[in-house]
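If you want the building blocks of each chain, they are given just below.
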Amino acid sequence: MSRIAYVNGQYVPHRDASVHIEDRGYQFADGVYEVVTVTGGRMIDEEGHLDRLWRSLNELRMAPPMKRAPLKMVMREVIRQNGIRDGIIYLQVTRGVAPRDHPFPKNTPSSLVMTAKRLSMAKAAKTAEQGVSVITVPDIRWTRRDIKSVSLLPNVLAKQEAKDRGAYEAFQVDDDGMVTEGSSTNAWIVTKEGRIVTRPTSNSILAGITRASLIRELEKNDIEIELRSFSVEELLDAKEVFLTSSTSYVLPVVKVDDQVIGNGHPGIVSQKLRSIYENFMAGEV
Ligand code: PMP
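Residues numbered from 1 in each chain as written. Predicted model: local features only at pLDDT ≥ 70, side-chain atom pairs only at ≥ 80, totals over all residues. Heavy atoms only, no water.

Where we set the bar: UniProt positions are given in the numbering used here, feature names are shortened, and annotations may be inferred rather than shown by experiment.
Per an unreviewed UniProt entry, the chain is named Probable branched-chain-amino-acid aminotransferase, and its organism is Sneathiella chungangensis. UniProt lists a comment for the chain under the heading Function (unreviewed entry), and it reads "Acts on leucine, isoleucine and valine."

Shown next, in the form of structure tokens:
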């Protein structure tokens with residue numbers, strides 16, 4: 001089945017899909033996006049992702065490209081036309097096409113693009129079984145990280161550094177030595193005392209949808225968590241480390257920089273939390 005993209009009202013072959021060179025996403029990174037996991041042909045946390053998309057648009061005073069109900073229909077159609085059972089759908093909204101000038105253009109419709117792709121569940125499961133390594137890097141981003149903007153250059157640089165150093169992810173660290181989040185994931189630790197810790201939402205991090213769902217599921221299971229920042233020292237000293245994101249779910253971390261975490265294998269708590277999250281996903285399908 002050949003890939004199909006949705007571009008401003010049309011379903012087109014992926015290889016032919018394009019936007020104008022004066023799209024403000026291309027010129028200014030003036031746009032926002034979402035990535036939603038598809039499992040068994042169904043979207044996980046669809047409402048949470050759309051709530052966050054609307055929030056990002058609102059924070060940037062950008063008009064939604066269409067109402068929520070038709071947007072959901074287009075998302076379903078993109079999934080259907082690409083025959084996705086397990087994978088992701090990507091959607092991006094920009095402030096439209098206009099002659100290049102910094103201020104917002106007047107009467108310019110937003111651009112909407114969607115793509116979808118398959119992901120291997122078997123590969124993801126294997127990665128989770130082994131655990132991954134992360135590195136730490138300075139957080140060099142702007143102060144509105146709560147907005148899911150397509151302006152991702154610092155995240156790109158961080159991820160490339162992780163890749164260059166053989167790691168899966170880079171945890172970013174603020175000027176006070178506190179971990180903010182990964183380049184595309186939220187960061188968590190389990191302390192020596194067994195406390196599950198993740199940073200509270202603020203303008204300093206993206207409010208991960210996976211993070212929020214995991215917190216909700218843990219509350220349902222009467223598992224306590226601590227919402228607070230943690231330092232690099234605490235990270236290196238943690239009993240367990242894991243990360244969350246729509247594409248990684250709950251993923252155990254077994255090495256940070258050159259420090260082996262625990263016994264170098266996924267910890268008991270991380271594994272339990274992954275299975276709690278997987279049960280939640282199964283319930284969504
Ligand atoms: N932080 C950043 C910077 C991200 O890009 C992502 C991925 N969108 C996340 C956290 C995790 O968010 P989610 O669980 O919604 O995928």
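1. Re the environment of Ile196
Rule in force here: Strands here mean DSSP runs of E at least two residues long; helices mean DSSP runs of H or I at least four residues long; both are numbered from the N terminus. Contacts are residue-level and defined by heavy atoms, with any inter-residue pair within 4.5 Å sufficient.
Its place among the elements puts Ile196 in strand E11 (residues 196-198). Once the C-alpha coordinates of Ile196 and Ile223 are considered, the two residues, 27 residues apart in sequence, prove to be 8.8 Å apart. If near-sequence neighbours (up to four positions away) are discounted, Ile196 is found in contact with Trp188, Ile189, Val190, Ile223, Glu224, Ile225, Glu226, Phe242, Val269 and Leu273.

2. Re the pattern of salt bridges
For clarity, the cut-off: For salt bridges, the criterion is a side-chain nitrogen of Lys or Arg within 4 Å of an Asp or Glu carboxyl oxygen. Any residue under 20% of the maximum accessible area for its type is buried, any over 50% is exposed, and the rest in between are partly exposed; the area is computed with a 1.4 Å probe on protein chains only.
A complete count under the given rule lists 25 salt bridges for this structure. Taking the shortest distance from any N to any O, the salt bridge between Arg195 and Glu226 comes out at 3.2 Å. Linking Arg195 in the loop between strand E10 (186-190) and E11 with Glu226 in strand E12 (residues 225-227), this pair joins segments that are 31 residues apart in sequence. On the accessibility criterion, Arg195 (43% relative accessible area) is partly exposed. Of the residues examined, Glu226 reaches a relative accessible area of 22% and is grouped as partly exposed. Beyond isolated ion pairs, a larger network of salt bridges with shared partners links Glu47, Asp51, Arg68 and Lys72.

3. What about the site of the ligand?
Counted only if it meets this: One heavy atom suffices: a residue is near a molecule or strand as soon as one of its heavy atoms comes within 4 Å of it. N or O atoms closer than or at 3.5 Å make up a polar contact, with two conditions inside protein: a donor-capable atom paired with an acceptor-capable one, and, for residues adjacent in sequence, both atoms drawn from side chains. We call Asp, Glu, Lys and Arg charged. Ala, Val, Leu, Ile, Met, Phe, Trp, Tyr, Cys and Pro are nonpolar, and the rest, Gly among them, are polar.
Around the ligand, the surrounding shell holds 18 residues, and the nearest of these are Lys148, Glu181, Ile209, Thr210 and Ser246. With respect to the ligand, the side chain of Glu181 contributes an N or O atom lying 2.7 Å from a nitrogen atom. Contacts to the ligand include Ser246, whose side-chain N or O atom sits 2.7 Å from an oxygen atom. Every element with two or more residues in the shell around the ligand is listed here: helix H2 (46-59), strand E9 (179-182) and helix H6 (209-220). Looking at the shell around the ligand, its residues break down into three nonpolar, eleven polar and four charged.

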